[in-house]
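This is what each chain is made of:
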Amino acid sequence: MSRTEAPPLPEPLRVPVADSHTHLDMQDGTVEEGLARAAAVNVTTVIQVGCDVKGSHWAAETAAAHPSVYAAVALHPNEAPRIVHGDPDGWSRQGAREAGGTAALHEALAEIDALAALDHVRGVGETGLDYFRTGPEGMAAQEESFRAHIEIAKRHGKALVIHDREAHADVLRVLADAGAPERTVFHCYSGDADMARICADAGYFMSFAGNMTFKNAQPLRDALAVAPTELVLVETDAPFLTPAPYRGRPNAPYLIPVTLRAMAAVKGIDEDTLASAIVDNTARAFDY
């Protein structure tokens, strides 16, 4: 089996659900093809997430063109330090970039702010903190950007979509200090059961991706087990985090049923019950 070959379509869900976080712009094929495959398995809504200014404009335009797509717009936590300090190796697929300083960050944030005002943009994210890929020199830029996104989300009444990688304590600290928006989503939830209880007490949504199916992901399954069903979402983060048994092959929204069925097994409820909860939760989280 080729590592580049797309996995087969799973058995369709009986209850329609939403993919709460995907990157259609990074997937093979057209948007129309991706949405058609998703609809074929009853994944009827997707949240298209921007990670930089260009991607956020694309997300907003795609949501405007497709009734089943809503957008979230942001500077990814790893994008903010690249704007401030430069990206000499062109890691973010935008070519080599010079350092722009905080002035360039504020200019980029102003563009995100303008996009966040659009009706079909329902989320501000993915924003947050990422200590895996950005070292200590980038932390100040990340936190400044994160706080700005929190303010934008609150001012426009949009959901805040959080990327939290190896930064749990600081993400929770900033949210508590700045005051979280009314609707806050931990995308690709990566904490343990103790953190899930903290998020539940705060009313934060927790969105689980295909990595909860991985053999070494017992802490994620433990977190899902204690997360209140009314705060649980499902996502692909496609083309990344393809669920087992297809790990390493390209992910896409049509694979949501694979992850949802694994989640239902962990929660000890049937897939229709979980799907019904998730469709309501996602509509509540993103206010559509």
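Keep in mind that this is a model prediction, so the values were computed, not measured.

Asks: Looking at this model, I keep getting lost on the overall build of the chain. Mind explaining?
Replies: Of the regular secondary structure elements, the chain holds 10 helices and eight strands. Rg of the C-alpha trace for the chain: 18 Å, near the compact-globule value of 19 Å for 288 residues, within the 12% margin. Dimensions of the chain, computed from the C-alpha atoms along their principal axes, are close to 50 × 40 × 35 Å. For the chain, the proportion of its 288 residues judged to be buried stands at 56%. Contacts spanning at least 24 positions in sequence make up 71% of the contacts within the chain whose residues lie at least 6 apart. If you sum the accessible surface of the chain, you get close to 11,700 Å²; carbon and sulfur atoms cover 54% of it.

Asks: Please clarify how the pairing of strand 2 (residues 43-49) should be interpreted in this entry.
Replies: A regular strand places its side chains so that they alternate between the two faces of the sheet. Within strand 2, six of the seven residues are buried, leaving the element largely enclosed by the surrounding structure. Taken together, the four bridges between strand 1 (residues 17-22) and strand 2 define a ladder with parallel strand orientation. If you follow Thr22 over to strand 2, its bridge partner there is Gln48. Following the backbone out of strand 1, through helix 1 (residues 31-40) and into the adjacent parallel strand 2, one traces a crossover that is right-handed.

Asks: Help me out: how do you make sense of the pattern of salt bridges in this one?
Replies: Two side chains of opposite charge can pair, provided their charged atoms sit close to one another. Taken as a whole, this structure holds 10 salt bridges when the rule is applied. Between Glu143 and Arg173 there is a salt bridge, and its shortest N-O distance comes to 2.8 Å. Here the residue Glu143 occupies a position in helix 5 (residues 139-156), and Arg173 occupies one in helix 6 (residues 168-178), the gap between them amounting to 30 residues. Its salt-bridge partner being Asp170, residue Arg173 comes within 3.4 Å of it at the nearest N-O pair. Taken together, the residues Arg173 and Asp170, both in helix 6 and three residues apart, mark about one turn of the helix. Given a relative accessible area of 37%, Arg173 falls into the partly exposed group. Asp170 sits in the partly exposed class, given a relative accessible area of 24%.

Asks: I keep staring at unusual backbone geometry and nothing clicks. Help me out?
Replies: Most peptide bonds adopt trans geometry, and most residues besides glycine take a negative phi value. Of note, the amide linkage connecting Gly125 to Glu126 takes the cis form, showing an omega dihedral of 15°. Within the secondary structure, Glu126 sits in strand 4 (residues 121-130). The backbone of Cys188 sits at a positive phi, close to 45°, despite the residue not being glycine. Its location among the elements puts Cys188 in the loop between strand 6 (184-186) and helix 7 (193-202). Classification of Cys188 by relative accessible area gives buried; the value is 13%. Backbone geometry places Asp287, a non-glycine residue, at a positive phi of 55°. Residue position: Asp287 is located in the segment after helix 10 (271-286).

Asks: It is not clear to me how the sheet that holds strand 5 (residues 159-165) should be interpreted in this structure. Could you clarify?
Replies: What holds strands together in a sheet is hydrogen bonding between their backbones, with the strands either parallel or antiparallel. Within the open sheet, the eight strands sit side by side as 1-2-3-4-5-6-7-8. Their pairing is parallel. A strand with exactly one partner marks an edge of an open sheet, and here the two such strands are strand 1 and strand 8 (232-234). The average angle at which neighbouring strand axes cross in this sheet is 30°, direction not considered. As paired strands, strand 3 (residues 69-73) and strand 4 are joined by three bridges and run parallel to one another. Bridge pairing in strand 4 links Ala72 to Gly123. On the sheet, helix 9 (residues 256-267) packs against strand 1, strand 2, strand 7 (205-208) and strand 8 and is oriented at approximately 150° with respect to strand 8.

Asks: Would you mind going over the packing of helix 8 (residues 218-226) against helix 9 with me for this structure?
Replies: Any two packed helices are characterised by how steeply their axes cross, that is the angle between the axes, and by the distance between the axes. In the contact formed by helix 8 and helix 9, the axes pass within 9 Å of each other and the chain directions differ by 65°. Comparing their axes, helix 9 and helix 8 come out roughly perpendicular. Helix 9 is crossed by helix 8, and the crossing has right-handed handedness. Contact with helix 8, carried on its side by Arg221, Leu224 and Ala225, involves Met263, Val266 and Lys267 of helix 9 and no other residues of that element. Split into classes, the residues belonging to the contact of helix 8 with helix 9 amount to four nonpolar, no polar and two charged.

Rules used in this analysis
- Residues numbered from 1 in each chain as written.
- Predicted model: local features only at pLDDT ≥ 70, side-chain atom pairs only at ≥ 80, totals over all residues.
- Heavy atoms only, no water.
- Helix = DSSP H or I, 4+ residues; strand = E, 2+ residues; numbered from the N terminus.
- Rg over C-alpha atoms; globule rule 2.2 N^0.38 Å.
- Buried < 20%, exposed > 50% of the residue type's maximum accessible area, 1.4 Å probe, protein only.
- Contact = heavy atoms within 4.5 Å.
- Areas by Shrake-Rupley, 256 points an atom, 1.4 Å probe, with all protein chains shown as cover.
- Pairing = 2+ DSSP bridges.
- Right-handed = clockwise from strand over helix to strand, strands pointing away.
- Salt bridge = Lys/Arg side-chain N within 4 Å of Asp/Glu carboxyl O.
- Axes fitted to C-alpha atoms, helices over the stretch in contact; angles between N-to-C directions.
- Parallel < 35°, antiparallel > 145°, perpendicular 65-115°, else oblique.
- Left-handed = near helix turned anticlockwise from the far one by under 90°.
- Nonpolar A, V, L, I, M, F, W, Y, C, P; charged D, E, K, R; others polar.

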